[in-house]
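Here is how the chains run, residue by residue.
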Amino acid sequence: GSKAKQIKLVLLGDSGVGKSSIALRFVRGEFNENGETTIGAAYLTKTINCQGCPIKFDIWDTAGQERYHSLAPMYYRGAPAAVVVYDVTNVNSYHKATRWVKELLQQANAMMVIVLAGNKADMVSDTRSTNEDARKFANENKLIFAETSAKTGMHVDDIFAQIGNVIARQ
Ligand code: GTP
Ligand code: MG
């Protein structure tokens, strides 16, 4: 059979923005209202089909609490993909996300595919104004921008499919 292409992917962002929830939604199709904060990092894996080619994601779901920040390079170094998550209801988490993006642009693989995900989109009726800055920031830095909801599943599978498509073409 055909061997799956492997993609190491790191999830980064402030504590509570929904990194683990996005991973759980993507990998198992589940959502947990009372998920626990991540300690260190968690590893999950899922294989999808991208235009007929199997792609295996090795997902490192990092801990967002500040005390774990210094561990992050171990997970993003050499990784071809990152999903930087913020909470659309929390402007501080957006600022934190922009700092993560800048760190990746300086320290990570130059070819890295970076998604900026505004999560918890289910909590606001109209995200257009909320995410205007984020769209602009994403454009300027050549990021893929997505509004997601780990709760409803909105655009969660999409971001992984988009990453798979971009990397398959590299
Ligand atoms: P750390 O592990 O501490 O870095 O946090 P995290 O980014 O992994 O956040 P986590 O996935 O644990 O989610 C934090 C809380 O937000 C949980 O209570 C989730 O149920 C909730 N949550 C996550 N995603 C969503 C979403 O899309 N919509 C809503 N309404 N709640 C969400
Ligand atoms: Mg977590």
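Attention here is on the structure that accompanies the text. None of these values were measured; they are calculated from a predicted model.

**Brief notes about helix H4 (residues 132-140)**
Then, number 1: Along H4, the positions that sit buried rather than exposed are Ala134, Phe137 and Ala138. An end-on view of H4 places all buried positions within 100° of arc, on one side of the element. When the buried face of H4 is taken as reference, the exposed residues oriented beyond 90 degrees from it are Glu132, Lys136, Asn139 and Glu140.
Then, number 2: Considering only its buried residues, H4 is in contact with strand S4 (81-87), helix H3 (91-107), strand S5 (113-119) and strand S6 (144-147).
Then, number 3: Taken from the residues just after H4, lysine 142 is the one with a positive phi, measuring 60°.

**Notes on the sheet that holds strand S2 (residues 41-50)**
Then, number 1: Strand order in the open sheet made by the six strands is S2-S3-S1-S4-S5-S6, with mixed pairing throughout. Each of the sheet's edge strands pairs with one partner strand only, and the pair in question is S2 and S6. The mean inter-strand angle of the sheet, taken between neighbouring strand axes irrespective of direction, is 25°.
Then, number 2: In the packing of H3 onto the sheet, contacts are made with strand S1 (5-13), S4 and S5, and the angle to S4 comes to roughly 165°.
Then, number 3: Strand contacts of H4: S4, S5 and S6, with the helix running at about 155° to S6, the strand carrying the most contacts.

**Things to note about the coordination of the magnesium ion (ligand 2)**
Then, number 1: Distances from the magnesium ion (ligand 2) to its protein donors, Ser20 (OG) and Thr38 (OG1), fall within 2.1 Å. Here serine 20, found in helix H1 (residues 19-28), pairs with threonine 38, found in the loop between H1 and S2; they are 18 residues apart in sequence, far enough to count as distant.
Then, number 2: For threonine 38, a relative accessible area of 13% gives the class buried.

**Here's the deal with the site of ligand 1**
Then, number 1: Around ligand 1 sit 22 residues in total, of which Ser15, Lys19, Ser21, Thr37 and Asp122 are the nearest.
Then, number 2: At 2.6 Å from an oxygen atom of ligand 1 is found a side-chain nitrogen or oxygen belonging to serine 21.
Then, number 3: Between ligand 1 and lysine 151 there is a distance of 3.4 Å, counted from an oxygen atom to a backbone nitrogen or oxygen.
Then, number 4: Ranked by residue count, the leading element in the shell around ligand 1 is H1, at three residues.
Then, number 5: Grouping the amino acids of the shell around ligand 1 by side-chain chemistry returns five nonpolar, 11 polar and six charged.

Rules behind the numbers
Residues numbered from 1 in each chain as written. Chains lettered and ligands numbered in written order. Predicted model: local features only at pLDDT ≥ 70, side-chain atom pairs only at ≥ 80, totals over all residues. Heavy atoms only, no water. Buried < 20%, exposed > 50% of the residue type's maximum accessible area, 1.4 Å probe, protein only. Helix = DSSP H or I, 4+ residues; strand = E, 2+ residues; numbered from the N terminus. Arc of directions from axis to C-beta. Contact = heavy atoms within 4.5 Å. Pairing = 2+ DSSP bridges. Axes fitted to C-alpha atoms, helices over the stretch in contact; angles between N-to-C directions. Donors = N, O, S within 2.8 Å, 3.2 Å for Na, K, Ca; no water. Near = heavy atom within 4 Å. Polar contact = N/O pair within 3.5 Å; in protein donor to acceptor, adjacent residues only side chain to side chain. Nonpolar A, V, L, I, M, F, W, Y, C, P; charged D, E, K, R; others polar.

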